[in-house]
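The lines below spell out each chain.
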Amino acid sequence: MSEFILLYFVIIPLVMMGVLYLIPGEKKNAIRYTMAGGSALLVALAAYITIGFFEQRAAGMTQPYLFTASKVWYEGFLNIHLSLGVDGISVAMLVLSSVITFTGSFASFAIEDKAKEYFLWFLMLSIGVFGFFISIDLFTMFLFYEVALIPMYLLIGLWGSGPKEYAAMKLTLMLMGGSAFLMVGIFGIYFMSVPEGGVPTFEMVELMKNVSTYMPIEWQHVFFCLTFVGFGVLGAMFPFHTWSPDGHASAPTAVSMLHAGVLMKLGGYGCFRVAMCLMPQASADLGWIFLILTGTSVFYGAYSACVQNDLKYINAYSSVSHCGMVLFALLMMNNTAFTGAFLQMLSHGLMTALFFSLIGSIYGRTHTRDIRLMGGMMNIMPVLCVCYVIAGMASLGLPGLSGFVAEMNIFVGSFQRSVLAFEEGNWMFLIFTILACTSIVITAVYILRVVGKMLFGPIQDQHHATLTDANYYEKVAAFGLIICVAAIGMFPSVWTDLLNISLPNLVSLFADKTIVAPF
Amino acid sequence: MEITSIAPWILLLPFLMFIFLGLTAHKFSGQTSAKIGTTAFGIVAILCYYVAGRYFFGNFSVLDANGFEVFNKTGEIYNQITVFNWTWMQMTENLTIHIGFYLDPISAMMLVVIATVSLMVHIYSYGYMFEHGHFDEGMSRYYAVLSLFSFAMLGLVLATNIFQMYIFWELVGVSSFLLIGYYFFKPAAVSACKKAFIVTRFADMFFLIGILILSYHTQTFDFDQLNADNAKHVLDSFSITDGSRGITFLGFPLITIATFCIFLGGAGKSAMFPFHIWLPDAMEGPTPSSALIHAATMVVAGVFLVARLFPVYSFAAPEVLNAICYIGAFTALFAAIIAVAQTDIKRVLAFSTISQIAYMMVALGVARFGNHESELGFTASMMHLFTHAMFKAMLFLCCGCIIHCVESNEMSKMGGLKKYMPITYWCFLIGCLAIAGIPIFSGFYSKGEILTACLENGYTAIYVVMTLTAGLTAFYMFRLFFHIFHYEENPEYATSHHKPHDQGWQMTLPLIVFAVLTVGFVFLPGFNNAITATRTYMEMPTNWTVEGISIAVALLGIAIAFFLYYKKNEKPANIMAKCPALCEFVYNRMKIDEIWYGITRSFIFGVICKSIAWFDHNCIDGFMNLCAWITQKVSLETKDAQSGNVQQYVWVFIMGVVTIAFLALY
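Conventions used here
Residues numbered from 1 in each chain as written. Chains lettered and ligands numbered in written order. Predicted model: local features only at pLDDT ≥ 70, side-chain atom pairs only at ≥ 80, totals over all residues. Heavy atoms only, no water. Helix = DSSP H or I, 4+ residues; strand = E, 2+ residues; numbered from the N terminus. Contact = heavy atoms within 4.5 Å. Buried < 20%, exposed > 50% of the residue type's maximum accessible area, 1.4 Å probe, protein only. Phe/Tyr/Trp six-rings, centres within 6.5 Å; stacked < 30°, edge-to-face > 60°. Lys NZ or Arg CZ within 6 Å of the ring centre and 35° of its normal. Pairing = 2+ DSSP bridges. Salt bridge = Lys/Arg side-chain N within 4 Å of Asp/Glu carboxyl O. Expected span 1.5 Å × (residues − 1).

Q: Please clarify how the side chain of S215 of chain B should be interpreted in this entry.
A: Mapped onto the elements of the fold, S215 of chain B is located in helix α6 (residues 187-218). Those residues within four positions of S215 of chain B in sequence are excluded, and the remaining contacts are L95, T220 and F221 of chain B.

Q: Is there a simple way to explain unusual backbone geometry in this structure?
A: Comment: phi is negative for the bulk of residues other than glycine, and the bulk of peptide bonds are trans. Here the amide bond leading from F238 of chain A into P239 of chain A is cis, since omega sits at 0°, within 30 degrees of zero. Within the element layout of this structure, P239 of chain A appears in the loop between α8 (217-234) and α9 (243-250). Following F273 of chain B, the chain continues to P274 of chain B via a peptide bond in cis, the omega torsion being 0°. Considering the arrangement of structural elements, one finds P274 of chain B in the loop between α8 (254-269) and α9 (278-281). The backbone phi angle of R535 of chain B is positive, close to 60°, even though this residue is not glycine. By the secondary structure assignment, R535 of chain B is in the loop between α20 (505-519) and α21 (544-565). Notably, R589 of chain B is not glycine yet its phi reads approximately 55°, a positive angle. Relative to the assigned elements, R589 of chain B resides in the loop between α23 (580-587) and α24 (592-639). Overall, R589 of chain B belongs to the buried group, its relative accessible area being 13%.

Q: Could you clarify how one ought to interpret the packing of aromatic side chains in this entry?
A: With the rule as written, the count across this model stands at 92 aromatic pairs over all chains. Each ring, one from Y183 of chain B and one from F185 of chain B, has its centre 6.3 Å from the other, and the planes form 65°; the classification is edge-to-face. Through a chain of ring-to-ring contacts, the aromatic side chains of F456 of chain A together with Y142, Y143, F177, Y182, Y183, F184, F185 and F197 of chain B assemble into a single cluster. Between K116 of chain A and the ring centre of Y21 of chain A, over which it is positioned, the NZ or CZ distance is 5.6 Å. Of note, K571 of chain B hangs over the ring of F563 of chain B, and the distance from its end group to the ring centre comes to 3.8 Å.

Q: What is the right way to look at the side chain of H241 of chain A in this model?
A: Positionally, H241 of chain A belongs in the loop between α8 and α9. Not counting residues up to four positions away in its chain, the partners in contact with H241 of chain A are A236, Y300, Y317 and V320 of chain A together with D616 and I620 of chain B.

Q: What is the right way to read the pairing of strand β2 (residues 79-86) of chain A from this model?
A: Strand residues, when the strand is regular, have side chains that alternate between the two faces of the sheet. Residues and elements named next belong to chain A. Most of β2 sits out of view: 8 of its 8 residues are buried. Judged by which residues are buried, β2 turns out to be covered on both faces: N79, H81, S83 and G85 on one side and I80, L82, L84 and V86 on the other are all buried. The pairing of strand β1 (residues 66-75) with β2 spans 7 bridges and is antiparallel. Residue pairing across strands places L66 opposite V86, the latter belonging to β2. Between β1 and β2, which follow one another and run antiparallel, lie 3 residues.

Q: What should I look at first to understand the pattern of salt bridges in this one?
A: Side chains bearing opposite charge may pair, as long as their charged atoms lie close to each other. Residues and elements named next belong to chain B. Applying the stated criterion across every chain yields a total of 19 salt bridges over all chains. Among the ionic pairs, K186 bridges to E284, the shortest N-O distance being 3.6 Å. Taken together, the positions of K186 in the loop between α5 (162-180) and α6 and E284 in the loop between α9 and α10 (287-296) put the pair 98 residues apart, joining distant regions of the chain. Judged by its relative accessible area of 33%, K186 is partly exposed. The salt bridge partner of D281 is R589, with a shortest N-O separation of 2.9 Å.

Q: Help me understand the pairing of strand β6 (residues 96-103) of chain B in this model?
A: Residues and elements named next belong to chain B. The element β6 is largely enclosed, with a buried count of 8 among its 8 residues. Alternating positions in β6 separate into two faces, T96, H98, G100 and Y102 on one and I97, I99, F101 and L103 on the other, with burial throughout. The sheet contact formed by strand β5 (residues 81-90) and β6 spans 8 bridges and is antiparallel. For I81, the partnering residue across the bridge sits in β6 and is L103.

Q: What exactly am I supposed to notice about the environment of A533 of chain B here?
A: With respect to the helices and strands, A533 of chain B occurs in the loop between α20 and α21. Residue A533 of chain B is classed as buried on the basis of its relative accessible area of 9%.

Q: Sorry if this is basic, but what is going on with α6 of chain B here?
A: Since the α-helix turns once every 3.6 residues, residues separated by three or four places project in the same direction. Residues and elements named next belong to chain B. The terminal C-alpha atoms of α6, which comprises 32 residues, lie 46 Å apart, in line with the 46 Å expected from a rise of 1.5 Å per residue. Of all 32 residues in α6, 25 are buried; the element is thus mostly enclosed. Once α6 finishes, Q219 follows within two positions and takes phi at roughly 60°, a positive value.

Q: Where do I start with the environment of I462 of chain B in this structure?
A: Residues and elements named next belong to chain B. Looking at where I462 falls in the secondary structure, it is placed in helix α18 (residues 460-485). Overall, I462 belongs to the buried group, its relative accessible area being 3%. Note: C-alpha distance between I462 and S215 (247 residues apart in sequence) is 33 Å. Setting aside residues up to four positions removed in sequence, I462 forms contacts with C325, Y326, A329, V362 and C454.

Nothing here speaks to function; it is all geometry.
Here you go:
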């Protein structure tokens, strides 16, 4: 079974689900310890894979994916394999997912109502996420993607707050709409990329060769758009982002964490892996359409966040802005921008998870998320508030925390690309790069607005004065995430090295493509 | 001791101290944290002095990247040496961010400035924050942030490349934010810290864009490469030749845009017009931190930045230097005028700081590479940076002592403090004489050189403005001085339980140290030995006409202040009554803040953000909801068809058959 070591990312949560199923619902602590232990195991596994990945590379194994394993799943009408494998990018994503599952479990300890069922669905969600990142078969990837989406409906609908039915429905329907595009795209790629006399395949490595060789460029354009939009919906691309504010606002803490932290990364990751890497020519031809949309997301999200009053809305719009930055950087198609995009995925995942866990803790105490009704929280719950300030600083790109390294790679990469485009007479790239740069100021505005109104200042509501500070599981969640955020921010070269093991090969796909833009 | 082995600790120790004090903030009492923090910074200061001393007076060598031995001095010329250069992150093939330690005359001088002021502030704060009674539990936080600031500021001046500078630039920004917002329960402090952060951040955006442009074309971040051989690399990269300004963008030479953007970043931190609005409000922070950050070190970062890239500016973008000196001259005069009308003593000092930093900018702006006369501005600017750091920090610390006693920042609550606080009195007087430019005191020398540099390089108009500003400076500083220490004694003092008095040794010692440095500046080794544009000895021309006029103007300013404010009288009020609107206008800082608020609050918040949020809620979300609503309506309307009612089915069936038959027939 050792060749299927990656499958443990799916097996461990499955076993945990089994164990949880056997524990009676009243034994809350047993459930919690199972979650903590199991998710710690996932972190350990991710660490093991990371170290193993570096070691195998050092030992000279140069194939694009390592830890590969493949088994035929269904060989009738469709040629489906269970193909597993990781490259530098997916290893980074696995680390992110396991850290967030771990901290998310701790953040969920506060759930009292139907805790067992909650954790079962929570694990289901994480199975989908892990499965997505370890698959290198388009069909299994899509399968796990769907597995990750469905539990969201129940988690929000049952354990959420506010207009939760509306939010759950909206989120699920919009994401399902996205996966309808995706399904058409994926099957289109499958059927249209058959070499003469060959069999169609879902296998990524083969598809990367087949698609650009055998698929007519017109069809590539169509499927590029379909898959990019499909994954883009999950990546909160303008104008398909409106599920995000409502969904996050209603979702319970840990679900927001996992959703913003990992699930939204599926969008960016999928856009890159499926839409762009399979159809590089199409992304060079049509990238400008999405560049407009994602560039708009970047400052649109930031400006929208400035006038929201609900903490979760602010962070949801900020996610729109930051995730827009991910897709924006991907479309810049050079090594630095790609590195920036993936660092931004890690960084956004960690800091948004941190934000949502803190917001959950604060909301659990004050029962309000309206920043106008709170004030002087720093006096009342210093630990939570200091963590919030750190999260805010990471979000606005303070050096030493993760946001900075990501944004700087994105800006430098985008700038390199846009000046090239400019020299060829295309203005568009430069305009959007400058607009993206202005978002660092706007981010500071909305972050400091919250910090100033809610954390600083005199105590607004005397009922809040007696509230308690963070308890142990909230501290575990917050400190764990802060350590990760600082680790990326202070030692970025570990992460850029990891990403750069795999990126140069992928960058070469785009290197010879000429830039197309209308203006 | 080897320089290479102690240099890393200059950066690491304050950083570790920040982490340590930050994590143990709730464990230790404030005093313990203060003692630990001060001791640690004492060690850092000794290391800084040692490194700077060895650099200026000693003889040592380090190995450069290629393994060659580089000495601190070749003959009479000081070398720029990279003590270490760690790779932090590789961005592209050529662009790598290093965290390093760069020694040259100006960074060694800054080491001395930062070590001195920061150490004194560490000591002073112990008395100030502790005796102040309140916020004992916040003191650990305070000392942690002081350590962070010291770390960031040292990293900034020691940067080997422009990106390292940007990194630490942001870090000093955030420590400034945290210190201004130290009293976070006070709404004024909260809005001040937000304002400071956002305004400087806005300027930093230009800095970043400037770095992006510069690094794209030169393919390097390193100062060594940018500055080497009269900025040859920059000239080549932008294809600038004698006849041509090189690559253009929208008709402007690109190098001008890049270097001007970088200057704008510096203008934000150094509070040049129109980015000056954050500095007066930053006075909401504890006074010792104002002395450190908003008077002596962080606010001169912009000057340091221009000085660091001086070869690039001088050879590749002299027109930007011209712009700098005009912006500087305007800011100097503008801030001095506003300072005259302020009543809050810290605000007066804040505007005075803006004005004095503008002097440094002007001096850099008029300087060019060439001969001794044209290079004079560079040395003058660095000299003024040094002297200003000492006397302004002292003035701020004196204000701290006064505010500590009087418990108010308002001038009207003060007066006649001379007999209660003699040490503070004499130190404050020395500071005022220095800033006014009276001989013997440090400010005289540096300011005189700046004025000489302006005149000798043909900037006569700027010379006149700066001389006028010097007179105004003398006037408002002595207005402040007489108002605090003479004028009319506040009757509350005599009856109060706590008569104003000089503070304990922790607060007095720093004052005396700075006073000695201010008076003894003439005995320091001459700046012209090392801190010059060419890093070698330079003849300092002295223009006695300029010096004479500046002394006369300063004395005139002092005389007017004496005449109006030495004793309580009606003259100031009478003068103000003649033009109340003007006084009001100047007191309100010429409404520049209102213009900024107008743009940000009404336009960006009120128009852009609100309309985007409206659009998002109504149009985009509305469209999604409309889709859902249509689906729902359609299904509601059609669901009646599936009623399960057999009669209805039969009826529809028959009608269908009839209709089809009818259609088929015709």
